[in-house]
Amino acid sequence: MARTKGYPEALDKKLADTRLYEDERHPDFTKTVEKVSMTIPHMCFQCGTCTASCPSAPRSSYRIRKFVRRALLGLEDEALTDPDLWLCTTCYSCTDRCPRDIAPTDVIMAMRNLAFKRDIVPVNFLKTVQAIYTTGHGVPNNDVNRAARQKLGLNAEPPTTHGFPQYVKGIQYILDYYELKKNADRIVKEREG
Amino acid sequence: MREYAFFLGCIAPNRYPGAESASYKTSEKLGIKLLDLEGASCCPAPGAFGSIDLDIWYAMAARNLILAEQMKKDIALICNGCYKSIWEVNHKLKHHPELKERVNEVLKGIDMEFKGSIDVWHLAELFYDPEIVGLQKIRDSITVPLEGTRIAVHYGCHLMKPKKERHFGTTEHPTWIEEMVAALGAEPVEYRNKMLCCGAGGGVRGYDLVHSIDITNEKMINLKEAKVDALTEVCPFCQLQFDRGQIEIEEKFGVKYGLPVLHYCELLGLAQGMSPQELALDLHAVSCEPFLEKVL
Amino acid sequence: MAEKKTKKETAPKKKEATKATAKAAPAAQKAPAKEQKKARVGVFICHCGTNIAGSVDIEDVQEYSKSLPDVAFADNYQYMCSTPGQKKIADAIKEHNLTGIVVAACSPRLHEPTFRTATKEGGLNPFRFEMANIREQGSWVHMHDREGATDKAKDAIRIAVAKASMLEDLFPKTVPVEKAAMVVGAGVAGMQAALDLANAGIKTYLIEKNPTIGGRMSQLDKTFPTLDCSQCILTPKMVDVGRAENIELMTCAEVEDVEGYIGNFDVTIRRKARGVLTPDEAEAKGIVGGGCNGCGDCEGVCPVIKPNPFEMGMKPRKAIYIYHPQVVPLIYTIDWDSCIKCGLCVDICGDKKAIDLEMQDELVKVKVGTAILATGYDMFPIEKKDEWGYKKYENVVNSLEFERLICASGPTGGHLVRPSDGETPKKVAFLLCAGSRDNTGVGKPYCSRFCCMYSLKHAHQIIEKIPGCQPYLFYMDIRSFGKMYEEFYYRIQDEGAKFMRGRVANVLEDPVTKNLIINAEDTLLNRPINLEVDMVVLAAAVQPAEETERTRKLFGVSRSMDGWLLEAHPKLNPCGTTTAGVFLAGVCQGPKDIPDTVASAEGAASAASIPIHRGEVELEPYFAQCIEEKCAGCGMCVNLCPYQALALVEKDGRKVMEVTEAKCKGCGTCGGFCPGGAIWMQHFATPQIIAQIDAFLVGGAK
């Protein structure tokens, strides 16, 4: 990422040093990404098959090839703070076609995991967590649906945690084990007040 | 009757109950009994949970798997997203002992242990498999052939990809679901870039809706070109993206398609003589009427 | 054969050696470690500059060596393989009256011959030398563990000393070499090798499975970077091969069986029934002036139409056919799978009586001294990479199909057309590395090495032939490494080819126009590309020809992990194999363009001619020997031997095993199995090996 020079703000931004410096590289980042993703971004030869397979690339600045490159070089900050990180639909087309047998999708997932450790995460992800913590479902039931279910001869609540809410406790235990609910609540509150 | 623990997921029971209802009824006619998997939760959503912490995703999915292990039944499910979580976590935990240990360490707190004693199947693959059901049995079960209709298939991503880990063969030019559509008497129709993602996955639908439905719109343009009467899929989340997505596309981009979107189980239900009411097709955002008129 | 037998029996030294071992063996069974007269071993430790000395404490190792039993002398030197280093060995043998030599240095594959010679120069039998590998298996793998590497060097030396103290005099066996050679495969590599051998005065059997020689090169239109017409430069060679007195050409032929060893290979060849007699064959049958003259009347009346494989199936041929007008030999061939035996061809052939619909395969036996494999390549079935739609979309072709489509003698007379509608394409995309450099397990991990260059040539050809036609080359790296290749790249770019730096993710077909939509990323612009073209050419990977596997097994040649045949050494012996007398030419060893193929063929021919010109070869004396007193004549070893080197013979009124030494490869299968311990493996004898194991297990470096 570009380095500032201590000039007045406007000039500092305009004239920021864009060269890549060795101290931006964190070799541990490469290793951590590989461990979490269980794949091998360090083998990338930048052919672009992934980007060309990507449904998000043609409508955004998201370039999965660039993220794999960042994994390879250990450019941790540049990777984790780029909002494009969250545009992967996880369709795995890149993974199916990568000639180097890398799973770029899993590289993205690993980077998102590492970003979350820095509280970098879109709130919609956390809201899914909150919903599951409360009900066991990411997309919970509602009254319209309950009525429709009954019309079909189904129970108003499906035989899931909805029908058997005693099971929600187990789910809460798991999420609390990782302090996920606490962190989710905290981050949502910070963002939305 | 083969018995499976039926993993419902979220969207089918809570948004498209017709798909759930159709699954019980259609599969029963094909020799499959779907049993309640009591206390199952969200799979959990592979995009949201996988993005936040893969370990939590593994543990949460393992809990669902253990419920079926306790029933001593394989799991059957009808959603690609669920398949990604439930099938893949089952597969990963079975093949990575250190991962299994890590997960069991957490689950100890709720007296659960993942053993790896069951398998996970998508109902569609059970339908297609001649050893289980097969096309002929599907054909034999049909009372209202969907003759004269042109139906396109959206395979979705998380069922078959990444192909190296799965067992479905080609992910570039698959035709097995088209064969299942043809078995209902309908004409399966190819269209441009069939294997393109619906746009919903990976949390993108929630993160950037217009981006997400712009992908859907690209699919809709290609489907329109192919002049199809309906789109079928085997994933309620894709279904939601195409069905409600069309309303969102109309709102945001000002384009209207009106293409009915039906889960394969709903389609099969129609062909086996279930009424639109029995399938709660009225809950769909895009009216299925134009398609139903052709069929019934 | 008779001559050789006498030689064997009269070789006095050999007899002595056999007796000595026979005597030593029974004693060795009781006390496996030490027998023979008092051994005096000299140990020499090489620094190899810093290669070894950088990670091994040489002084320490030398002191340790001196402490070992039977070691009479130990020394070290910077480079043992240098002249002064070798002199140290020779001098020490004399000065210290040594009986065995150990050099601790590199791999025996590199310098065993060097040190054997030095041992011999010192007056010892060269087989009293043993090498301890402390570099490849020591210092290099334990570069950062000086203590460990030093300990391991000590272990290796202790083991080598244990063997060296028990080594015996051995004498290599000399066998005569048949003055004839065989070349399998008559593409440009096989043809060149056969011509070179023939011109060097060696009778050469050239075996080709197809009805004509010429191979892949004859399917090409032009050749890079000079752009000369492939057929024009190849046909003179084909004609030469057809005419060469020393070449016995067998087309429609396959190697059926190989027996023997360097100098004396007995090869059985299956000459497949081609259903048509050559003029010579006709004459032999008493048909005067008969046999096939290539007039083609038969083809005219034949009612069966099949695709011509030479034209990649894009042009028809009959059930009686030739591949193309320039075939050598110009003899028609019947495709038995499609012939309906209607007899129309027989009738029209008339008095020439060239056609025999009842012809049968024939087995021919020949004896050769050396053999060259030149079995070439096939295209990888690129439909396996289904993202590019080969065999699914009509306008996606592979590069060999493109060669035929652009070739003046091809199915379209050189007018490049789209298979779907016969229209001339205006935009053509070339997909490089299609199936090459692919680590998915579907394609090939290697670079196919000539696709970059022929794709450049293809681009040139369409620019030249179709005004306004735009070629796009989708590439990852352009590998233009040969003489005048980079200049060719410059030229083609100047001519207007567009180079897109990105690998193609997938190809989709427009269902109406049958145009193709390329999805790639321009990785230099950092933008996805969506390019609609009229035609796609896949520069598909190459793989060993289908029958390579069968042929290599017959000749006992290994293959590398990627399937290509394995050379004896990738740099220093690229044409040789680990089977003495068998050599490799051309692409069967790995992808090569034409210049490299021809160079490799000339190398193989030269190498294959050496034993023939010398007239005899020396075989290393690692033969099994039968200790007749112990042999019960059970004969179980005879069937176990993979080289048919063993036989039961009658001696002094009982049956004992006898070894044909020239056939024995010293593999040890029989020796390891023999229930009575009656087989002595020279240089790898049981007591020697047990002594090595003991030395490893009992003595410790610390």
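Residue numbers restart at each chain and count upward from 1, following the sequence in its written direction. Here every chain gets a letter starting at A, and every ligand a number starting at 1, in the order they are written. Where local features are concerned, this predicted model is filtered to residues with pLDDT of at least 70; where side-chain atom pairs are given and counted, the filter is 80 or more; whole-chain, interface and lining totals use all residues. Side-chain figures throughout are based on the complete set of non-hydrogen atoms in the structure, without hydrogens or water.

1. Let's talk about the side chain of Asp378(C)
Residues and elements named next belong to chain C.
Here comes step 1: Residue placement: Asp378 occurs in strand β19 (residues 377-379).
Here comes step 2: Only protein chains enter the area calculation, which uses a 1.4 Å probe; residues under 20% of their type maximum are buried, those over 50% are exposed, and those in between are partly exposed. According to the relative accessible area criterion, Asp378 is buried, its value standing at 19%.
Here comes step 3: Distance and chemistry together define a polar contact, namely a pair of N or O atoms within 3.5 Å, with one atom able to donate a hydrogen and the other to accept it when in protein, and with adjacent residues in sequence counting only for side-chain atoms on both sides. Of note is the side chain of Asp378, whose polar atom sits 2.9 Å from the backbone nitrogen of Glu546.
Here comes step 4: We call two residues in contact when some of their heavy atoms are within 4.5 Å. Those residues in contact with Asp378, other than ones at most four positions away along the chain, are Arg216, Ala541, Val542, Gln543, Pro544, Ala545 and Glu546. Each helix is a run of DSSP H or I of at least 4 residues and each strand a run of E of at least 2, with the numbering of both proceeding from the N terminus.

2. A look at the interface of chain A and chain B
Here comes step 1: In this complex, chain A contributes 60 residues to the contact, which on the side of chain B involves 75 residues.
Here comes step 2: In this description, buried area is defined as the sum, over both parts, of the accessible area (probe of 1.4 Å) that is lost when the two are combined. Summed over the three residues of chain A that lose the most area to chain B, namely Arg59(A), Asp96(A) and Leu152(A), the buried surface amounts to 13% of that side.
Here comes step 3: When a carboxyl oxygen of Asp or Glu lies within 4 Å of a side-chain nitrogen of Lys or Arg, that pair is called a salt bridge. The tally of links from chain A across to chain B stands at 5 salt bridges.
Here comes step 4: The salt bridge partner of Glu172(B) is Arg97(A), with a shortest N-O separation of 2.7 Å.
Here comes step 5: Here chain A is connected to chain B by 28 residue pairs in polar contact (both at pLDDT 80 or more).
Here comes step 6: Secondary-structure elements contributing two or more residues to the side of chain A that touches chain B are α6 (93-97), α7 (104-116), α8 (123-135), α9 (143-151) and α10 (168-177) of chain A.
Here comes step 7: Lys, Arg, Asp and Glu make up the charged group, whereas Ala, Val, Leu, Ile, Met, Phe, Trp, Tyr, Cys and Pro make up the nonpolar group; the residues left over, Gly among them, are polar. Looking at the side of chain A that touches chain B residue by residue, the class counts come to 34 nonpolar, 19 polar and 7 charged.

3. Examining the pattern of salt bridges
Here comes step 1: Going through the model one piece at a time under the given rule, you end up with 75 salt bridges over all chains.
Here comes step 2: The salt bridge involving Arg559(C) is made with Glu549(C); its shortest N-O contact spans 3.2 Å. Taken together, the residues Arg559(C) in the loop between α16 (548-555) and β29 (582-584) and Glu549(C) in helix α16 connect sequence positions 10 residues apart.
Here comes step 3: By relative accessible area, Arg559(C) is classed as partly exposed at 43%.
Here comes step 4: Residue Glu549(C) is classed as partly exposed on the basis of its relative accessible area of 25%.
Here comes step 5: Each of Lys84(B), Glu88(B), Lys92(B), Glu165(B) and Arg166(B) takes part in one network of salt bridges that share partners.

4. Considering the environment of Cys626(C)
Residues and elements named next belong to chain C.
Here comes step 1: Its place among the elements puts Cys626 in strand β31 (residues 624-626).
Here comes step 2: Classification of Cys626 by relative accessible area gives buried; the value is 13%.
Here comes step 3: For the pair Cys626 and Asp356, spaced 270 residues apart in sequence, the C-alpha separation works out to 53 Å.
Here comes step 4: Beyond its immediate chain neighbours, meaning those up to four positions away, Cys626 contacts Cys631, Met657 and Ala678.

5. Let's talk about helix α13 (residues 399-406) of chain C
All names here are of chain C.
Here comes step 1: By the criterion of burial, α13 is predominantly enclosed, with 8 of the 8 residues buried.
Here comes step 2: Within α13, burial applies to Ser399, Leu400, Glu401, Phe402, Glu403, Arg404, Leu405 and Ile406.
Here comes step 3: One side-chain oxygen of the residue at the start of α13 lies 3.1 Å from the amide nitrogen of Leu400, identifying that residue as Asn398.

6. With respect to the state of the cysteines
Chemically, a disulfide is nothing more than a covalent bond linking the sulfur atoms of two cysteines.
Here comes step 1: Any cysteine sulfur atom paired with another within 2.5 Å is treated as part of a disulfide. Going through the model one piece at a time under the given rule, you end up with 1 disulfide over all chains.
Here comes step 2: Cys229(C) shares a disulfide with Cys232(C); S-S distance 2.3 Å. Disulfide Cys229(C) to Cys232(C): torsion about the S-S bond roughly 85°, handedness right-handed.
Here comes step 3: Counting only cysteine sulfurs, Cys10(B) is the nearest neighbor of Cys42(B), a cysteine outside any disulfide, at a range of 3.7 Å.
Here comes step 4: Distance from the sulfur of Cys79(B), which forms no disulfide, to the nearest cysteine sulfur (Cys82(B)) is 3.7 Å.

7. Quick look at helix α5 (residues 80-95) of chain B
Here comes step 1: The span you would expect from a helix comes to 1.5 Å times its residue count less one. Its 16 residues place the ends of α5(B) 21 Å apart at the C-alpha level, agreeing with the 22 Å of an ideal helix rising 1.5 Å per residue.
Here comes step 2: Burial analysis of α5(B) places 13 of its 16 residues in the buried class, the great majority of the element.

8. Observations concerning the domain arrangement of chain B
Residue and element names in this part refer to chain B.
Here comes step 1: Segmentation into domains, and thus their bounds, comes from an automatic or database assignment. When its domains are assigned, chain B resolves into domain 1 (2-123) and domain 2 (141-295).
Here comes step 2: Roughly 2500 Å² is buried in total at the junction of domain 1 and domain 2, and carbon and sulfur atoms are behind 65% of that figure.
Here comes step 3: The three residues of domain 1 that bury the most area against domain 2 are Tyr16, Thr26 and Asn80, which together make up 26% of that side's buried surface.
Here comes step 4: Taken together, the links from domain 1 to domain 2 amount to 2 salt bridges.
Here comes step 5: Between Glu88 and Arg166 there is a salt bridge, with the nearest N and O atoms lying 3.0 Å from each other.
Here comes step 6: Joining domain 1 to domain 2, the criterion identifies 6 residue pairs in polar contact (both at pLDDT 80 or more).
Here comes step 7: Secondary-structure elements contributing two or more residues to the side of domain 1 that touches domain 2 are α1 (11-15), α2 (17-29), α3 (46-52) and α5.
Here comes step 8: Ranked by the residues each element gives to the side of domain 1 that touches domain 2, the list is headed by α2, at 9 residues.

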